[in-house]
Amino acid sequence: MADPTGFMKFEREEPKKRPREERVHDWREVYAEASPEARNKKVRVQATRCMDCGIPFCHSGSSGCPLGNLIPEWNDLVRQGHWAAASDRLHATNNFPEFTGKLCPAPCEAGCVLSISPASGGPVTIKQIEATIAEQSWEMGIVEAQVAEVSSGQRVAVVGSGPAGLAAAQQLTRAGHEVTVYERDDRLGGLLRYGIPEFKMEKKHLDRRLAQLRKEGARFVTGCEVGVDLTVEQLRAEYDAVVLAVGALRGRDDTVTPGRELAGIHLAMEHLVQANRQCEGDGPPEIDANGKHVVVIGGGDTGADCYGTASRQGALSVTQLDQYPMPPTTRDDDRSPWPTWPYILRTYPAHDEGGERLFGVAVKRFVGDDEGHVRAIELQHVRVTRDRETGVRTVEPVGDEIETIPADLVLLAIGFEGVERMRLLDDLGLSLTQRGALSCGADWQTEAPGVFVCGDAHRGASLVVWAIAEGRSVAHAVDTYLTGSSDLPAPVHPT
Ligand code: SF4
């Protein structure tokens, strides 16, 4: 039985990062323990901090894990060193726990009861425990292909090979359907391949899951834009159901700031894709931060990914701009709200690697040289307010002071506007909602019969854990559509 006082005996201890001086010179993952033995020993102590709450807010509810991960159960199994049983419970709700363990900002930790008060020492390190169970499972050789015993004879096309598409494909393949995943890029993985930097999750983790999927019977076709290379008529003729997991990759641009047309200003994803392609061996990127003053506009996850990428490419300086004021930096700060976690300043490992973050500022003008290339940015202090009723955000200047900072490369990480325009959607007769998403009914089916949607394409740009949860849920819906019922889990419902 869990020790309800474990959190009083042991402090929260974050995973160990490689030294800054070492990691900025390579693309390998930031976190690395000395050895599997040291890693497991530490994680068993961390799991001991879990109280196995009667109502585990980490596990479900509005603030918990969308997958319904059985967190208290596997915490207790890890505490006892029962790694195989912990792996079994972890994989019962999550197809790709190493993706969430490495990439998810962990709403489960925000939901953990121990996050309520600074006196409790912070939430259980759930992410770290999850990633370690996953890694230990691979090391023990117990992550095996689960091949369906009976074939349904039904064929499903999944369009898009990001986390939502892969989760849907794996669930449907295991349910006995013949699944083909189409990817328009030359390699599989979607954002996991070309959006997430290697230093956050090395591609070997993705590749070994793809190998598992292949062994289970899923088929993959790369370099195929469905709607163009495979027409909708062909798609309809060959498949009994279609899952759209095409993401929400239309990046938000800055259409108002004077100077936006200057060379050297790019959307964040253009930069990240090229850097990831370089790591895959595709040669040097055109958008290269080496020897440049880099300014990243936008204070979120994508901005931090650009920040870390620019540091590794050898930027002269990296500055990240955020319109919002700097949040409290510690849980003891008087300004910290209650509960305190995670409403304190989010720092990413990239922020320890040099560079600067500026808060409460916005770009007034991009300044170019005679050749039309950006060379500086004029900044001004701003205040952001949001109308409580309409949700409309207003950004107002504060004072007249203008600050100029050097900028040879500017990366716009200011969000995504939704699904990209594509012929496939037109030919299916589907239109986008006002927020750029694809709508669906309670059964995840779009207005096109037999065509389902999941992940960012439905939800808008969101967390990897939501993508996997929606992928699992759409698989339940497709299985029901094809066979009349389903034993597959459906952890979430369409919003
Ligand atoms: Fe353990 Fe925190 Fe979940 Fe409670 S809320 S069961 S302490 S992880």
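Conventions adopted
- Residues numbered from 1 in each chain as written.
- Predicted model: local features only at pLDDT ≥ 70, side-chain atom pairs only at ≥ 80, totals over all residues.
- Heavy atoms only, no water.
- Pairing = 2+ DSSP bridges.
- Helix = DSSP H or I, 4+ residues; strand = E, 2+ residues; numbered from the N terminus.
- Axes fitted to C-alpha atoms, helices over the stretch in contact; angles between N-to-C directions.
- Near = heavy atom within 4 Å.
- Nonpolar A, V, L, I, M, F, W, Y, C, P; charged D, E, K, R; others polar.
- Domains from an automatic or database assignment.
- Buried area = accessible area lost by both parts, 1.4 Å probe.
- Salt bridge = Lys/Arg side-chain N within 4 Å of Asp/Glu carboxyl O.
- Polar contact = N/O pair within 3.5 Å; in protein donor to acceptor, adjacent residues only side chain to side chain.
- Contact = heavy atoms within 4.5 Å.
- Expected span 1.5 Å × (residues − 1).
- Buried < 20%, exposed > 50% of the residue type's maximum accessible area, 1.4 Å probe, protein only.

**Q** How do you make sense of the sheet that holds strand β1 (residues 155-159) when you look at a structure like this?
**A** In a beta sheet, neighbouring strands pair by backbone hydrogen bonds and run either parallel or antiparallel. Spatial ordering of the open sheet is given by β3-β2-β1-β4-β15, a layout of 5 strands whose pairing is parallel. Strand pairing shows two members of the sheet lacking a second neighbour, β3 (219-221) and β15 (451-453), which therefore form its edges. Across this sheet, the average inter-strand angle for adjacent strands is 20 degrees, counted without regard to direction. With 4 bridges joining them, β1 and strand β4 (residues 241-244) adopt parallel strand pairing. Residue pairing across strands places V158 opposite V243, the latter belonging to β4.

**Q** Whenever I open this one, the site of the ligand confuses me. Can you help?
**A** Within the structure, the ligand sits among 13 residues, and C50, C53, C58, C112 and V113 are positioned closest to it. With 3 residues, the top contributor of residues to the shell around the ligand is helix α4 (residues 71-79). Residue classes in the shell around the ligand are distributed as 11 nonpolar, 1 polar and 1 charged.

**Q** Got a minute to help me understand the domain arrangement of the protein in this structure?
**A** Segmentation of the protein into domains returns domain 1 (6-140), domain 2 (155-249 + 416-483) and domain 3 (255-412). Averaged C-alpha coordinates put domain 1 and domain 2 at centres separated by 28 Å. Both faces considered, domain 1 and domain 2 share a buried interface measuring about 2400 Å² in area, 69% of it formed by carbon and sulfur atoms. Counting across the interface, domain 1 meets domain 2 through 2 salt bridges. For the salt bridge of E135 with R208, the shortest nitrogen-to-oxygen distance reads 3.0 Å. Counting across the domain 1 and domain 2 interface gives 13 residue pairs in polar contact (both at pLDDT 80 or more). Elements that contribute at least two residues to the side of domain 1 that touches domain 2 include exactly α6 (97-103) and α8 (126-140). At 6 residues, α6 tops the list of elements feeding residues into the side of domain 1 that touches domain 2. In terms of residue class, the side of domain 1 that touches domain 2 is made up of 14 nonpolar, 5 polar and 5 charged.

**Q** Please explain the environment of E144 as it appears in this structure.
**A** Assignment of secondary structure puts E144 in the loop between α8 and β1. Sequence separation between E144 and L213 is 69 residues, and the spatial gap between their C-alpha atoms is 9.9 Å. Those residues in contact with E144 that sit more than four places away from it in its chain are Q212 and E216.

**Q** Can you walk me through helix α17 (residues 464-483) in this structure?
**A** Owing to its 3.6 residues per turn, the α-helix brings residues three or four apart onto one side. With 20 residues, α17 should cover 28 Å at 1.5 Å per step; its first-to-last C-alpha distance of 29 Å lies within 8% of that length. Extensive coverage of α17 is indicated by the burial of 15 of its 20 residues. Phi turns positive one or two residues past the end of α17, at G484, with a value near 95 degrees.

**Q** I would appreciate a short explanation of the sheet that holds strand β12 (residues 393-406) in the present structure.
**A** The antiparallel open sheet is built from 3 strands, whose spatial order is β10-β11-β12. Edge strands, defined here as strands with exactly one partner in the open sheet, are β10 (361-368) and β12. Strand-to-strand twist in this sheet, taken as the mean axis angle between neighbours without regard to direction, amounts to 25 degrees. In the sheet, strand β11 (residues 374-386) pairs with β12 via 10 bridges, with the strands oriented antiparallel. Note that in β12 the partner of Q380 across the bridge is I402.

**Q** How should the pattern of salt bridges be read in this particular structure?
**A** A side chain of one charge can pair with a side chain of the opposite charge when the charged atoms of the two come close. Using the criterion set out here, one finds 42 salt bridges in the structure. E353 is paired through a salt bridge with R312; the nearest N and O atoms lie 2.7 Å apart. Taken as a pair, E353 in the loop between β8 (317-322) and β9 (356-359) and R312 in helix α14 (residues 301-312) lie far apart in primary sequence, 41 residues in all. Like R312, E353 is buried. Between E378 and R365 there is a salt bridge, with its nearest N and O atoms 3.0 Å apart. With E378 in strand β11 and R365 in strand β10, this residue pair connects regions lying 13 residues apart in the sequence. Overall, E378 belongs to the buried group, its relative accessible area being 16%. The class for R365 is partly exposed, based on a relative accessible area of 36%. Connected via shared salt-bridge partners are D185, D186, R187, R193, D207, R277, E280 and D282.

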